[in-house]
Amino acid sequence: MTPILYFVIPCYNDESVLPVTGPLFLQKLLFLIQNGEIEDDSRIVFVNDGSADATWIQIERLHKADPHCIGLDLRCNVGEQNALLTGMFYAMDRADCYLTMDSDMQDDITKVDRMLQAFKEGKEIVFGVRSARKNDAFLERVTSRLFYSGMRLVEKRSVPNHSNYRLMSKGAINQLKAYRGTAFYLPVLTAMLDLPSAIVYYERLPRAAGTSGYNFWKRLKLGADAIVSHVALRQGHPRERETFEGYVQRVLE
């Protein structure tokens, strides 16, 4: 069976990025369709995470240029992880598999073919993992090393050098619906799912456009939030806390 694939791309203040990377995402999607790897019903979902600039205008332009590009406009900034989850839950009943990656095209899009092949071979989760960090600044390499070392201490199943670049099946998304709360870190949470998985290695590329919004303090906060949220998840999911699915529905209202 040829699968329907949805790209899910979180966007925040990306008005200078999307005119460059949007057509590249579309080019890849159309290539896969034309080669019979995925169905024509496949789409790219750009999730506007409450941007303060003209990001949504750029998403509308992409949609007008080609209906394979669609957008979700969140009513406020909910954070990258929540934006990703919102996009995946939106696509859940529309696709067979879901590919998440950053909008700046630093994730090597040529590896999508290998990730899709692993899915067709029965893998429920395919992790995109950096094989090298030669394009990273010194401080970024240091903070990243500390972050992944810390995550390995609290969760041995976490995948070092893996961030948002991964492919997931519908079954994997369904398992996420069992979790409660809105503080979480998807790279670790998905590694905790007891499902067949694979790793595809790639070299992180320079940004296609724009500048990174992550400074030292934001990276430090991301690491702290990831560890704290993981500890909370391991302690259980109280009934009174909102489910992921309920949260997504509220954000999209």
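Residues numbered from 1 in each chain as written. Predicted model: local features only at pLDDT ≥ 70, side-chain atom pairs only at ≥ 80, totals over all residues. Heavy atoms only, no water.

On to the packing of helix α1 (residues 18–34) against helix α4 (residues 112–120). Contact geometry of α1 with α4 gives a least axis separation of 12 Å together with a crossing angle of 45 degrees. Between α1 and α4, the interaxial angle falls into the category oblique. Of the two elements, α1 crosses α4, and the hand of that crossing is right-handed. Only Val112, Asp113 and Leu116 of α4 make contact with α1, whose side of the interface consists of Lys28, Phe31 and Leu32. Broken down by class, the residue content of the contact of α1 with α4 amounts to four nonpolar, no polar and two charged. (Axes fitted to C-alpha atoms, helices over the stretch in contact; angles between N-to-C directions. Helix = DSSP H or I, 4+ residues; strand = E, 2+ residues; numbered from the N terminus. Parallel < 35°, antiparallel > 145°, perpendicular 65-115°, else oblique. Left-handed = near helix turned anticlockwise from the far one by under 90°. Contact = heavy atoms within 4.5 Å. Nonpolar A, V, L, I, M, F, W, Y, C, P; charged D, E, K, R; others polar.)

Ranked by size, the top nonpolar core spans 36 residues in total, and within it Tyr6, Met88, Met168, Ile173, Leu176, Leu186 and Leu193 carry the most contacts. For this core, the secondary structure elements donating two or more residues are β1 (5–11), β2 (43–48), β3 (69–73), α3 (80–91), β5 (125–132), α6 (170–176) and α7 (186–192). Here this core takes six residues from α3, the largest share from any one element. If you look at the next biggest cluster of nonpolar residues, it comprises 32 residues, including Met101, Met105, Ala198 and Tyr202. (Core = buried A, V, L, I, M, F, W, Y, C linked by side-chain atoms within 4.5 Å. Buried < 20%, exposed > 50% of the residue type's maximum accessible area, 1.4 Å probe, protein only.)

Relative to the elements of secondary structure, Cys11 occurs in strand β1. Under the relative-accessibility criterion, Cys11 is labelled buried at 1%. Ignoring sequence-local partners within four residues, the contact set of Cys11 consists of Leu18, Phe46, Val47, Asn48, Asp49, Ser51, Thr55 and Ser103.

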